Amino acid sequence: MTSVLLSQESTTSSYLDVNYFRGNIALHNNDILGLITGHPEGVILSWNKKTFGNKAWEQRYNYPDYGVSLIYQNLKNENLGNNIGIYAHYNFYFFKRNLMLRIGQGLAYTSNPFDRIDNPKNIAFGSHLLSSTYLMLNYKKERIIDRFGLQGGLSLIHYSNANVKAPNTSINTIALNVGVTYNLDESDPEYIDNGKDEKFTESIKYNLAFRSGINQSDIIGTGQFPFYIVSAYADKRLSHKSAIQLGTEVFFSNFLKELIEFQSVSGLGDNVTGDEDFKRVGLFVGHELFINKTSIETQVGYYVYYPFDFEGRTYLRIGLKRYFGDKLFGAITLKSHGAKAEAVEFGIGVRL
């Protein structure tokens, strides 16, 4: 019996990119007009891992990259200070891989948040720690000279603490960016396309989820309180990529207790007596986009039990979910009323 040892070429590759950006703070709220005094600029440094179709999901999404990013930004305002953030990201490709869309989510630290005495004008950030999302749409060309390439395009960077602590009007930067890429490997493997992406559906599954966190009303000094959300919903998997959802949930938002009491004694709330129930019940429809074991979840809900008026009866949720095996999952989501964030939710659940 003769055995033959074959050498196998590498099926992985990675690269670095560094981008300089400069732009403007978007005026999404007139209250932040005094904080817009210059053109924010900064640097985005990223490490990226390429995919080549070794797994089916990589082929479905046209061989995306995934990686981590570090962003430093000078907001060009002494009250806002500087931000530094770390992100996990995906790069998706279009038009023969010349157009790249990056989606990044992470945490940022701001140097100069609101302070009643030392920094009362910064109504954008009520805390040092912020949630941050960034998008980058680039024209990209790798290996122009040896391992070096170029990219350039448009970026959007969002910072908010999602009402973990007031104030929180948030900041959005729209910027132009230009950058250099550097491949860490001499060459890339060939892309795999086995054409075996068969049609996929599942029967209806039932989910239970529990979400929690802390938040605060817009009134500075009213205190931070925990909230609890219990959700039950059904989902129907339509394909490898997509599922739809229908469900209900109960909100126990303790910050509303404090807000109800405050408005009842201050006279700031119309006909608020102080006896209103702080609980809410919602119905929602949703969609889940699956990328390997991670998915992007979006939901639109409507409060059917709504004894106290807070930001309207319609709410939105968007975030990331990670599956651990076939049944258990964890999630980080943002709940808002339109562009007004209410909370960052940390959740766990089971899919039966």
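Residues numbered from 1 in each chain as written. Predicted model: local features only at pLDDT ≥ 70, side-chain atom pairs only at ≥ 80, totals over all residues. Heavy atoms only, no water.

## Things to note about empty space enclosed by the protein
Scanning the entire structure with this criterion turns up 1 cavity of 30 Å³ or more. Space inside the largest cavity adds up to approximately 30 Å³. Counting only elements with at least two residues in the lining of the largest cavity, the list comes to strand E10 (225-237), strand E11 (242-253) and strand E16 (340-351). A per-element tally of the lining of the largest cavity places E16 first, with 3 residues. Here the residues of the lining of the largest cavity are counted per class, giving 4 nonpolar, 2 polar and 4 charged. (1 Å grid on protein atoms, 1.4 Å probe; cavity = no way out; pocket = protein on both sides within 12 Å on 5 of 7 lines; lining within 4 Å. Points joined across faces, edges and corners; volume = space filled by probe spheres on them. Helix = DSSP H or I, 4+ residues; strand = E, 2+ residues; numbered from the N terminus. Nonpolar A, V, L, I, M, F, W, Y, C, P; charged D, E, K, R; others polar.)

## Brief notes about the sheet that holds E16
Taken together, 8 strands build a closed barrel; the order of strands is E9-E10-E11-E12-E13-E14-E15-E16 and the barrel is antiparallel. Adjacent strand axes in the sheet meet at a mean angle of 25 degrees, parallel and antiparallel pairs treated alike. For strand E13 (residues 294-305) and strand E14 (residues 314-324), the ladder comprises 9 bridges, and the chain directions are antiparallel. Paired with Ser-295 across the bridge in E14 is Lys-321. (Pairing = 2+ DSSP bridges. Axes fitted to C-alpha atoms, helices over the stretch in contact; angles between N-to-C directions.)

## Observations regarding the pattern of salt bridges
Opposite charge on two side chains makes pairing possible when the charged atoms of those side chains draw close. Tallied over the full model, the rule gives 20 salt bridges. Note that Glu-41 and Lys-76 form a salt bridge whose closest N and O atoms lie 3.0 Å from each other. On the criterion of sequence distance, the pair formed by Glu-41 in strand E2 (residues 41-49) and Lys-76 in the loop between strand E3 (65-74) and strand E4 (82-94) is long-range, its members being 35 residues apart. Here Lys-140 makes a salt bridge to Asp-65, at a shortest N to O gap of 3.9 Å. Here Lys-140 is found in strand E6 (residues 129-145), whereas its partner Asp-65 is found in strand E3, with 75 residues between them in sequence. Connected through salt bridges with shared partners, the residues Arg-211, Glu-249, Glu-288, Glu-297, Arg-317, Lys-321 and Glu-345 form a single ionic network. (Salt bridge = Lys/Arg side-chain N within 4 Å of Asp/Glu carboxyl O.)

## Section: the sheet that holds strand E7 (residues 148-160)
The sheet built from 8 strands closes into a barrel, its strands ordered E1-E2-E3-E4-E5-E6-E7-E8 with antiparallel pairing. Pairwise comparison of adjacent strand axes, ignoring direction, gives a mean angle of 25 degrees for this sheet. Where E3 meets E4, 10 bridges bridge the pair, whose relative direction is antiparallel. Paired with Val-68 across the bridge in E4 is Ala-88.

## Looking at the environment of Arg-147
When you line up the elements, Arg-147 lands in the loop between E6 and E7. Arg-147 sits 36 residues away from Asn-183 along the chain, and the two C-alpha atoms are 5.1 Å apart. With residues up to four places along the chain from it excluded, the contact list for Arg-147 reads Thr-181, Tyr-182, Asn-183, Leu-184, Asp-185 and Glu-186. (Contact = heavy atoms within 4.5 Å.)

## Observations regarding unusual backbone geometry
Following Ala-166, the chain continues into Pro-167 via a peptide bond in cis, with omega recorded as 0 degrees. The phi torsion at Phe-95 lies on the positive side, around 50 degrees, for a residue other than glycine. One can find Phe-95 in the loop between E4 and strand E5 (99-110). A relative accessible area of 67% means that Phe-95 is categorised as exposed. Phi is positive for Arg-143, which is not a glycine, with a value near 50 degrees. (Buried < 20%, exposed > 50% of the residue type's maximum accessible area, 1.4 Å probe, protein only.)

## Regarding the layout of surface pockets
The space that makes up the second largest pocket amounts to roughly 340 Å³. Lining the second largest pocket are 14 residues, with Arg-237, Phe-290, Asn-292, Lys-293 and Tyr-323 sitting closest to its centre. Elements with a minimum of two residues in the lining of the second largest pocket: helix H1 (56-60) and strand E12 (279-291). Counted by class, the lining of the second largest pocket contains 5 nonpolar, 3 polar and 6 charged residues.

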